[in-house]
Amino acid sequence: MADMKAKREIERKYETGDGGPPDLTGVLTGVGPVAAVVDQGAAELDAVYYDTPDERLTAGGLTLRRRTGGHDAGWHLKLPVTTGVRDEIHAPLSDTVPPALAALARSRVRDGELLPLVRLRTRRGTRHLVDADGTPLAEVVVDAVRAERLTGHGGTAQWTEIEVELADDGDPALLDAVDTRLREAGVRPSPAPSKLARALTETAPPDQPAPARHKAPKTAGDHVLAYLRAQRDALVALDPAVRRDEYDSVHRMRVATRRLRSALRTYRTVLDRTATDPLRAELKQLATELGRDRDQEVLTEHLTAALDDLPYTLVTGPVRTRLRTWSGTAHGDARRRIVADLDSDRHLALLDALDALLADPPLRPAAAGKPAKVIAKAVRKELAALSALLRQALDLPPGHDRDLALHEARKRAKATRYAAEAAVPALGDPASALVKAAKSLQSLLGDHQDSVMARRTLRELAGQAHTAGESAFTYGVLYGREEQRAAELEARLPETWRAIKKDNKQVKQAKQGRKAKQVKKGTAL
């Protein structure tokens, strides 16, 4: 991906007639008014947009085009970030889709074929909004667009729109100020998220069916499927971010994977486990692969913070250098494994299997039941299992066996939290209270597990340092501090668990007090 360039695009789109935007001189920004509007001339752009025949990229908010004309001719893949914000990945002009861009779209395209669907020919007039020093604050373009569908009946459409794009490191408040000026002049925001989306809509055959929309969930099965669908969507959407090594992307994909796996186990009364257990096994494999990099990242941050907290008189030898080397090597190896896994046929088969499950779910009779009964029962079962595991762990003496037992309790705390998350839309405040309580316990147990892993790593680094003839003193000091920290965390567990039991009691009381009124709405727990 060395020949690709990435740019964050923060823009807003507006509909307009044949005229251009109003005078934007004097629009206030965070550092002063727009001093001038500088005409940059006009350009002819010719872009062919690619997608699968069933428009999977468009459905996910992605656009892939090959464009000539203008200053940035080449291939562009735009990935949604938030509303009005996209990352644009640019690759040099070529006759076929660059492999690096195809990889970023792989989770959506899979074994499908990317074909030219729409051609847009645009006459673009560009203006720069600049400050008193002539520094660009934003770019305003007026695009006269002619769209032609390249498949089917070959429909056409044309329109004119205005785009306002913030300059690099620009003040987002400027877009609000420009928006106010445009609205005052009668210019309205475009209802279409992109040119491609509008072109596909306006050139569609008259008999083309409307996109399927999911109905509001009513039954227990509806709610479980809605939760699974959201996690499947997250798993697919995060694929490009993980490939690009964006901050926290591996962690977020791992969480989506775990939520899927946990929900499939928790709600076995809703979905037939003979169909879901194979999926859980594949999700476990993916979570394990993602975990190597995420665990490494967390452990590095933990050890670095612990080292920073030491007085300099207790730091002997090249401790920081050894820690950086250990971290960097492990991160590189983990990333190569993750990308290889995402590129594998096995991963594509997993995504296809999730799609098939959601399209034709193996529902059991309980799926037709009321959420207040079916989902609440599953959540309470998770909480009971968590209670048993934590009680067993606290009965053990401090040491290796207790560490293992607390780690198992931590995993069950996550499962309880995810089960309650899935229940929130159906059960309301009682489930939300349980999410908060389980998250608190999960955080405490997670800190304890981080300390366990830190001590294991410190022993390894101390051995390497000793073999290299370096002082192992600092590693011993850090190890001792981690032991003390773990003991303090364990001492807090009984109090934390008592608070959770209190929250659970309130949950039960909420159910008893509200059941008569709310069971029809599916909100009693």
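Residues numbered from 1 in each chain as written. Predicted model: local features only at pLDDT ≥ 70, side-chain atom pairs only at ≥ 80, totals over all residues. Heavy atoms only, no water.

A.B. asks: Now, about the overall build of the protein chain: what can you tell me, with residues and values included?
C.D. replies: Along the protein chain, the regular secondary structure elements total 15 helices and 11 strands. Taken along the three principal axes of its C-alpha coordinates, the protein chain extends 80 × 65 × 45 Å. By residue count, 46% of the 525 residues in the protein chain fall in the buried class. Summarising the internal contacts of the protein chain: among those between residues at least 6 apart in sequence, 72% fall at separations of at least 24. A total of about 26000 Å² of accessible surface is found on the protein chain, and carbon and sulfur atoms cover 52% of it. One way to put it: in the protein chain the 84 positive side-chain charges average out to a point 9 Å from where the 74 negative ones average out. (Helix = DSSP H or I, 4+ residues; strand = E, 2+ residues; numbered from the N terminus. Buried < 20%, exposed > 50% of the residue type's maximum accessible area, 1.4 Å probe, protein only. Contact = heavy atoms within 4.5 Å. Areas by Shrake-Rupley, 256 points an atom, 1.4 Å probe, with all protein chains shown as cover. Lys, Arg positive; Asp, Glu negative; His and termini not counted. Charge placed at Lys NZ, Arg CZ, Asp CG, Glu CD.)

A.B. asks: Give a description of the packing of helix 12 (residues 371–395) against helix 13 (residues 400–427) that names residues and reports values.
C.D. replies: Helix 13 packs onto helix 12 with a crossing angle of 165 degrees between their chain directions and a minimal axis gap of 9 Å. The angle between the axes of helix 12 and helix 13 places the two elements in the roughly antiparallel class. The handedness of the crossing between helix 12 and helix 13 is left-handed. (Axes fitted to C-alpha atoms, helices over the stretch in contact; angles between N-to-C directions. Parallel < 35°, antiparallel > 145°, perpendicular 65-115°, else oblique. Left-handed = near helix turned anticlockwise from the far one by under 90°.)

A.B. asks: Explain the pattern of salt bridges to me, and be specific about the residues and the numbers.
C.D. replies: Across all of its chains, the model carries 49 salt bridges by this definition. With a shortest N-O distance of 2.9 Å, Asp295 and Arg254 are connected by a salt bridge. Highlighted residues: Asp295 in helix 9 (residues 273–308) and Arg254 in helix 8 (residues 249–266), separated in sequence by 41 residues. Judged by its relative accessible area of 42%, Asp295 is partly exposed. Its salt-bridge partner being Glu282, residue Arg346 comes within 2.7 Å of it at the nearest N-O pair. Note that Arg346 is positioned in helix 11 (residues 345–359) and Glu282 in helix 9, a separation of 64 residues in sequence. For Glu282, a relative accessible area of 24% puts it in the partly exposed group. Linked by salt bridges that have partners in common, Glu9, Glu11, Lys13, Arg65, Lys78, Arg86, Glu88, Arg124, Asp143, Glu161, Glu163 and Lys195 make up one network. (Salt bridge = Lys/Arg side-chain N within 4 Å of Asp/Glu carboxyl O.)

A.B. asks: Give me the environment of Ala349: which residues, what numbers.
C.D. replies: Inspection of the secondary structure assignment puts Ala349 in helix 11. For Ala349, a relative accessible area of 43% puts it in the partly exposed group. Along the primary structure Ala349 and Asp111 are separated by 238 residues, whereas in three dimensions their C-alpha atoms are 10.0 Å apart.

A.B. asks: Can you lay out the side chain of Gln449 for me, pointing to particular residues and giving the numbers?
C.D. replies: Inspection of the secondary structure assignment puts Gln449 in helix 14 (residues 429–467). Residue classification places Gln449 among the buried residues on the basis of a relative accessible area of 11%. Leave out the neighbours within four places in its chain, and Gln449 touches Asp403, His407 and Arg410.

A.B. asks: Account for the confidence of the model for the protein chain, with residues named and values stated.
C.D. replies: Chain-level pLDDT for the protein chain is 89 on average; 93% of the residues reach the 70-or-more range. A low-confidence stretch, residues 510–525 stays under pLDDT 50, and its non-local contacts, those more than four residues away or across chains, total 28 contacts. (pLDDT = per-residue confidence, 0-100.)

A.B. asks: Before we move on, could you go through the pairing of strand 10 (residues 156–166) and cite the residues and values that matter?
C.D. replies: Burial analysis of strand 10 places 9 of its 11 residues in the buried class, the great majority of the element. Looking at chain direction, strand 1 (residues 5–16) and strand 10 are connected through 6 bridges and run antiparallel. What sits directly across from Glu11, in strand 10, is Glu165. The pairing of strand 9 (residues 136–149) with strand 10 spans 11 bridges and is antiparallel. Each residue of the ladder has a partner; that of Val140, found in strand 10, is Val164. Two successive antiparallel strands, strand 9 and strand 10, enclose a turn made up of 6 residues, where Gly152 displays a positive phi of approximately 65 degrees. (Pairing = 2+ DSSP bridges.)

A.B. asks: Lay out the nonpolar core with the relevant residues and their values.
C.D. replies: Ranked by size, the top nonpolar core spans 59 residues in total, and within it Leu228, Tyr267, Ile375 and Leu441 carry the most contacts. The greatest single-element share of this core, amounting to 11 residues, is contributed by helix 13. The residues contacting Tyr267, other than those within four sequence positions of it, are Val224, Ile375, Ala378, Val379, Ala419, Ala422 and Ala423. Residues Leu57, Val97, Ala100 and Ala105 belong to the second largest nonpolar core, which totals 18 residues. (Core = buried A, V, L, I, M, F, W, Y, C linked by side-chain atoms within 4.5 Å.)

A.B. asks: Describe a positive patch on the surface, and please don't skip the residues or the numbers.
C.D. replies: Taken together, the side chains of Lys373, Lys377, Arg380 and Lys381 make up a positively charged region of the molecular surface. Looking at the secondary structure, you find Lys373 in helix 12. Lys373 sits in the exposed class, given a relative accessible area of 66%. (Patch = residues over 30% accessible without salt bridge, like charges linked within 9 Å, V, L, I, M, F, W, Y side chains within 5 Å.)

A.B. asks: Talk me through helix 5 (residues 195–202); I want residue IDs and the actual numbers.
C.D. replies: With 6 of 8 residues buried, helix 5 is to be regarded as a mostly interior element. Turning to helix 5, its buried residues are Lys195, Leu196, Ala197, Arg198, Ala199 and Leu200.

A.B. asks: Give a detailed account of helix 14, specifying residues and quantitative values.
C.D. replies: With 39 residues, helix 14 should reach 57 Å at 1.5 Å per residue; the first-to-last C-alpha distance of 57 Å fits that figure. Looking one or two residues past helix 14, Gly469 carries a phi angle of roughly 80 degrees, positive in sign. (Expected span 1.5 Å × (residues − 1).)

A.B. asks: How would you summarise the side chain of His223 if you had to cite specific residues and measurements?
C.D. replies: Residue position: His223 is located in helix 6 (residues 220–237). Apart from the residues lying within four places of it in its own chain, the contact partners of His223 are Pro217, Lys218, Pro371, Ile375, Pro425 and Ala426.

A.B. asks: Tell me about the packing of helix 8 against helix 13, residues and numbers included.
C.D. replies: Between helix 8 and helix 13, the least distance of the axes is 9 Å, while the angle of their chain directions is 80 degrees. One way to sum up the angle between helix 8 and helix 13 is to call them roughly perpendicular. Contacts from Val255, Arg258, Arg259, Ser262, Arg265 and Thr266 of helix 8 reach helix 13 at Arg412, Lys414, Ala415, Arg417, Tyr418, Ala419 and Glu421. Considered class by class, the residues forming the contact of helix 8 with helix 13 number 4 nonpolar, 2 polar and 7 charged. (Nonpolar A, V, L, I, M, F, W, Y, C, P; charged D, E, K, R; others polar.)

A.B. asks: Requested: an account of the environment of Gly291, with residues and values cited.
C.D. replies: By the secondary structure assignment, Gly291 is in helix 9. C-alpha of Gly291 to C-alpha of Ala256: the two residues are 35 residues apart in sequence and 12 Å apart in space. Sequence-distant contacts of Gly291, defined by excluding residues within four places in its chain, comprise Arg254 and Gln296.

A.B. asks: Quick rundown of the environment of Ala334? Include the residues and the values.
C.D. replies: Within the secondary structure, Ala334 sits in helix 10 (residues 319–343). By relative accessible area, which is 2% here, Ala334 ends up buried. Sequence spacing of Ala334 and Asp293 is 41 residues, and the spatial spacing of their C-alpha atoms is 5.2 Å. Residue contacts for Ala334: discarding those within four places in its chain leaves Arg292 and Asp293.

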